[in-house]
Amino acid sequence: MKCLFISARSCTVLLDAEGDYYAKAPRRLILNHKELAKEENRSVFSVYGLWPDTEYTLEAWQGEEKESELTFRTEKEFCTLNVKRFGAKGDGEKDDTNAIQAAILACPPAGRVLIPEGNYKTGPLFLKSHITIEFKPGARLALKTDRTEFPILPGMTRTTDEKDEYLLGSWEGNPLDAFASAITGIDVEDVRIIGEGIIDGCAPEGDWWVNPKIKRIAYRPRLFYLKNCKDITVQGVTFRNSPAWNLHPTFSENLSFLNVRIEAPAVSPNTDGFDPESCRHIRMFGTVFSVGDDCIALKAGKIYTGMKYHTPCEDIEIAYCCMLDGHGGVTVGSEMAGGVKHVRVHHCYMRGNDRGLRIKTRRGRGKYAVIDDICFSDVRMEGVKTPLVVNAMYFCDPDGHSDYVQSREKQPVDDTTPTVGSIRFERVNAQDCESCVGYILGLPERPVKEIVLKDSVFTFNPDGKAMVPAMASGVEECKRRGVIAHFVDTLTVTNVRMEGIEGKEIDC
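Basis of the calculations
- Residues numbered from 1 in each chain as written.
- Predicted model: local features only at pLDDT ≥ 70, side-chain atom pairs only at ≥ 80, totals over all residues.
- Heavy atoms only, no water.
- Helix = DSSP H or I, 4+ residues; strand = E, 2+ residues; numbered from the N terminus.
- Buried < 20%, exposed > 50% of the residue type's maximum accessible area, 1.4 Å probe, protein only.
- Contact = heavy atoms within 4.5 Å.
- Areas by Shrake-Rupley, 256 points an atom, 1.4 Å probe, with all protein chains shown as cover.
- Lys, Arg positive; Asp, Glu negative; His and termini not counted.
- Charge placed at Lys NZ, Arg CZ, Asp CG, Glu CD.
- Phe/Tyr/Trp six-rings, centres within 6.5 Å; stacked < 30°, edge-to-face > 60°.
- Lys NZ or Arg CZ within 6 Å of the ring centre and 35° of its normal.
- Polar contact = N/O pair within 3.5 Å; in protein donor to acceptor, adjacent residues only side chain to side chain.

Caption draft 1: Geometry of the overall build of the chain. Within the chain one finds three helices and 45 strands. If you line up the chain on its principal axes, its C-alpha atoms span 70 × 65 × 35 Å. Taking all 508 residues of the chain together, 59% fall into the buried category. Within the chain, contacts between residues at least 6 apart in sequence are counted, and of these 74% link residues at least 24 apart. Surface accessibility of the chain: about 19500 Å² in total, with carbon and sulfur atoms responsible for 48%. A gap of 2 Å separates the mean positions of the 64 positive and 74 negative side-chain charges of the chain.

In structure tokens form, the structure reads like this:
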């Protein structure tokens, strides 16, 4: 048992390092000699309702045998500010934005803003440094749906000396005007958002998903947006029905997301679960995703921010997570002009995704658009149609189907040419696949440098349907195929079993 996070009121632990989202065996948990209500079958577990500056001992038992024990002390807390004392009603009718925002702004360092059980109708709320916000069970923030009541984050503001710029709003990799998000943090640090409550974007009740790509006043808000923040932890909260992407930190560092739930209808547009953009030092542990787009997409902007700031998304660890539905399980790109590197995805479970582990880029992302040192390991999949995809001709953006992006002939290598370096897939166990084991499409002028696939098993659903494995022009539907690879310098396949395929295991 390993401690991952401690606050004044909660703790998160890793119970089973060898499981995926689900532990290999359930545990009985005993906290200070009191058994918790039910057996725990997850690998990552959080406990709430603790008292500040108090020592606790957590025991994990399998049957009648104590497996492990962990002693920890909660952090100190200065005071608690209950939002209801500031005038919040939580009745689902009164607008509670000002009351909750007042509590946040009034909270002193090491203080806690408490949101008790209730249905709180709010607009966007802005964070403050050095505080904790706790959602009690039954607490729900319900985001208003009238876009005319939302503040706007300007995409770009020129500095007074006209030599620089200040970026706030962001939309799909570009600095564009966007509505403030349900929870917005700008230049804040040392913030904890914890508890078992819900942040609900209420998108089906408004018109956010109608003509979703069209800018109306500003671009759609997210549920959680950070800009230039550090040392932020989100623990336990459920994010639901976002107008657009759910969690979107940008140019931020030292972020942890633990035992979070992210939910959106399968048909909802662009409701990515977690899209860190040009961020570093990130942990995503024990989170459940069920969304209408990619569950996780690691990003680093489009060509403007990539060429000007060349800030990669790096040092990312994603582990013990559960990806249900969604177009992609874990995706790198495609807005990654600043580069993505040093990524570890391990001990995750995926079910029903179109594509499981996915790299996507395209010509035009630029010379800083380097994807390198990406390792996917110990991933279990069920019913994922195409487990592995590396696609350097992804047909996004208005020119995505142009000859420039899609040509299979060598193009000049210049400042717009991206790079895909080393990608490793290890110990992937995928059952009931349909399309192919993997589809790899590099650029003829700059092939993928290295693909390693080892110690893995792929079995196919005999009744599975054909599908296009990679979103690039000219890619044909396929069914029960092995690894299809084009424009790759080095492809190494070692100790891999493919059951139920038709044709060659490796088709280059």
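Caption draft 2: Spatial organisation of the packing of aromatic side chains. Summed over all chains, the structure comprises 14 aromatic pairs. One aromatic cluster in this structure is built from F224, F239, F257 and F274. The ring of W51 has R9 sitting right over it, with the charged end atom 4.8 Å from the ring centre. Directly above the aromatic system of Y309 lies the positively charged group of K308, at a separation of 5.8 Å from the ring centroid.

Caption draft 3: Representation of the side chain of T271 in the model. As for its position among the elements, T271 is in the loop between β28 (261-263) and β29 (280-285). T271 gets classed as buried once you look at its relative accessible area, which sits at 0%. There is a polar contact of 2.8 Å between the side chain of T271 and the side chain of S268. Here G292 takes part through its backbone nitrogen, which lies 3.0 Å from a polar atom of the side chain of T271. For T271, the contacting residues outside a window of four places in its chain are W209, S242, A244, N246, A264, P265, V291, G292 and D293.

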